[in-house]
Amino acid sequence: MLGGIFLKKLHIKFSMLLSFSIIVTATIGLVFQNLILVNVGYDKGTLTLIIGISILSVSSIILINNFIIKGISWRIAGLVNHINNIKKGDFGTTTPIKQKDEIGDLHKSINELSISLLELKEKEKELNFHRSYDPVTGLPNRSHLYEKLIHLKAENKTNFIIMLDIHGFKILNDIYGEKAGDEILTIVGRKIEKISAPNFVARVSSDEFSVVTKNIKREQEIHTLVRKIKDSLAKPIYVKGEEMRIDMAVGVSKCLEEDFEGSLTQATLAMIEAKKKGRGQVEFYLPSMTEAQTEQMKVEKRLFHAVNNQEIYLEYQPKVSLISGQVIGVEALARWNDPFLGKVPPNRFIPIAEETGMITALSKIFC
């Protein structure tokens, strides 16, 4: 539409300007030519013929120029339409270049611009994908999960967050390699997504997945969904020709209306508690889990300083024979008296040292 209007206006302007110029020039020429011919002595018939031929020539020139201008106008109008289509987002389309001239060069530049914009659009699409989706499984990532929670909040729907962690994934990844590990994650992710539909599924970290439910109001429905997921994962999968069975620790929390990060944290704490209780356990979040985790973090922080400052020491307890009453050995017991936490028993700090990897540094203190 815009191209047609542009064409009409351009054609009229060029035609009027050129025609006016030719007519003025031709009129002046004819006047002078007529005066010269009269002075030379041509008769009226000859003068009329010469004037007629001159007028016909001028008319032909005007028509030819109008035809040329019309062709140029159509070509420019075509470029305008092409630009309008690009403006609307029709990137990557090109139109054939009919002539190699200045307009043809402009036409070529517009085609190149269209292709470049398509490449930029594809790159932007790829960046948006990586911003919102996990490149291994193709599932939404943690950022996309937050967006989904905000969206569900706006719909004022009751939601639960389910966190699922693959038991022993690090060992599988170390034994079979990273490529096999990615294949396991992809298979597990697809199974969870299929069983959980239409609920929202995301991969939130290395071997952890999350399901955000909608319109589920009872915990029994969550138990049913979790059981279906676990039953599906219990069926063997085959990676590198090896039969594998996947089990997961599951933590569940209600979605907090204002604190999405807190909701995920609560579900994660429930999942950690499930892992502690053994394979395939399911735990719902309880406030005591936050207290326990806070306490563990406090001990972990103080333990780091204690190991670095060699504040942990040994106490020796003799081993006495009940038969002879003689000392037959000595048992060395690790002790830690922290200035802030007080006396911390080994069964409290040794598991934390093993979990965090500080057990090696701790052992070196006594070597």
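Please refer to the structure higher up on the page.
Residues numbered from 1 in each chain as written. Predicted model: local features only at pLDDT ≥ 70, side-chain atom pairs only at ≥ 80, totals over all residues. Heavy atoms only, no water.

Would you take a moment to explain the overall build of the protein chain for this structure?
On a plain count of helices and strands, the protein chain comes out with eleven helices and ten strands. Expressed as a percentage of its 367 residues, the buried residues of the protein chain come to 34%. Put simply, 63% of the contacts in the protein chain that link residues at least 6 apart link residues at least 24 apart. Of the roughly 23,200 Å² that the protein chain leaves accessible, carbon and sulfur atoms contribute 59%. (Helix = DSSP H or I, 4+ residues; strand = E, 2+ residues; numbered from the N terminus. Buried < 20%, exposed > 50% of the residue type's maximum accessible area, 1.4 Å probe, protein only. Contact = heavy atoms within 4.5 Å. Areas by Shrake-Rupley, 256 points an atom, 1.4 Å probe, with all protein chains shown as cover.)

Mind showing me how you'd approach the layout of surface pockets here?
Over the atoms rolls a probe the size of a water molecule, and in doing so it shows where empty space is left. Roughly 380 Å³ of internal volume is contained in the largest pocket. Taken together, 13 residues line the largest pocket, and the ones lying closest to its centre are Ile-272, Lys-275, Gln-293, Gln-296 and Glu-355. Counting residues per element, the ones that place at least two in the lining of the largest pocket are helix H8 (260-276), helix H9 (287-308) and helix H10 (346-356). Among the elements that take part in the lining of the largest pocket, H8 stands out by supplying five residues, more than any other. Tallied by class, the residues present in the lining of the largest pocket amount to three nonpolar, four polar and six charged. (1 Å grid on protein atoms, 1.4 Å probe; cavity = no way out; pocket = protein on both sides within 12 Å on 5 of 7 lines; lining within 4 Å. Points joined across faces, edges and corners; volume = space filled by probe spheres on them. Nonpolar A, V, L, I, M, F, W, Y, C, P; charged D, E, K, R; others polar.)

When you look at H10 in this model, what are you seeing that I'm missing?
Because the α-helix completes a turn every 3.6 residues, residues three or four places apart line up on one side. When we look at burial in H10, the residues that qualify are Phe-349, Ile-352 and Ala-353. All buried residues of H10 project into a common sector of 105° when viewed along the axis, lining one side. Away from the buried face of H10 by more than 90 degrees, exposed residues Asn-347, Glu-354 and Glu-355 are located. On its buried side, H10 packs onto H9, strand S9 (327-338), strand S10 (342-344) and helix H11 (359-365). In the stretch just after H10, Gly-357 is the one whose phi turns positive, near 85°. (Arc of directions from axis to C-beta.)

Just checking my understanding: could you explain the nonpolar core for this structure?
A general trend in soluble globular proteins is that nonpolar side chains are found buried together. Ile-162, Val-188, Phe-209 and Met-248 are the most contacted members of the largest nonpolar core, which has 29 residues in total. Elements supplying a minimum of two residues to this core: strand S1 (160-166), helix H5 (169-176), helix H6 (178-196), strand S3 (208-212), helix H7 (219-234), strand S4 (237-239) and strand S6 (248-254). Not counting residues within four places of it along the chain, the set of residues in contact with Val-188 comprises Ile-166, Phe-209, Leu-233, Ile-246 and Met-248. Counting 16 residues, the second largest nonpolar core, distinct from the first, contains Leu-145, Leu-152, Ala-202 and Phe-260. (Core = buried A, V, L, I, M, F, W, Y, C linked by side-chain atoms within 4.5 Å.)

So what exactly am I meant to see when it comes to the pattern of salt bridges here?
For side chains of opposite charge, pairing can occur when their charged atoms come near one another. On inspection of all chains with the given rule, the structure shows nine salt bridges. One salt bridge connects Lys-170 with Asp-174, and the closest N-O pair in it is separated by 3.1 Å. Placement of both Lys-170 and Asp-174 in helix H5 is noted, with a separation of four residues, approximately one turn of the helix. On the basis of relative accessible area, Asp-174 is assigned to the exposed category, the value being 53%. A salt bridge links Glu-315 to Arg-335; its shortest N-O distance comes to 3.4 Å. You can see Glu-315 sitting in strand S8 (residues 313-320) and its partner Arg-335 sitting in strand S9, a full 20 residues away along the chain. (Salt bridge = Lys/Arg side-chain N within 4 Å of Asp/Glu carboxyl O.)

Before we go on, may I ask you to explain the side chain of Ser-321 in this structure?
Note that Ser-321 resides in the loop between S8 and S9. A relative accessible area of 17% means that Ser-321 is categorised as buried. Within polar-contact distance, the side chain of Ser-321 engages the backbone nitrogen of Ile-323 at 3.3 Å. (Polar contact = N/O pair within 3.5 Å; in protein donor to acceptor, adjacent residues only side chain to side chain.)

Is there a simple way to think about the sheet that holds S1 in this case?
Whether parallel or antiparallel, the strands of a sheet pair through hydrogen bonds between backbone atoms. The mixed open sheet is built from five strands, whose spatial order is S2-S3-S1-S6-S7. Looking along the sheet, the strands with just one partner apiece sit at the ends: strand S2 (200-205) and strand S7 (282-284). Neighbouring strand axes in the sheet, compared pairwise and without regard to direction, differ in orientation by 20° on average. Sheet topology places S6 next to S7; three bridges connect them, and they run parallel. Each bridged residue has a counterpart across the sheet, and for Gly-251 the counterpart in S7 is Glu-283. (Pairing = 2+ DSSP bridges. Axes fitted to C-alpha atoms, helices over the stretch in contact; angles between N-to-C directions.)

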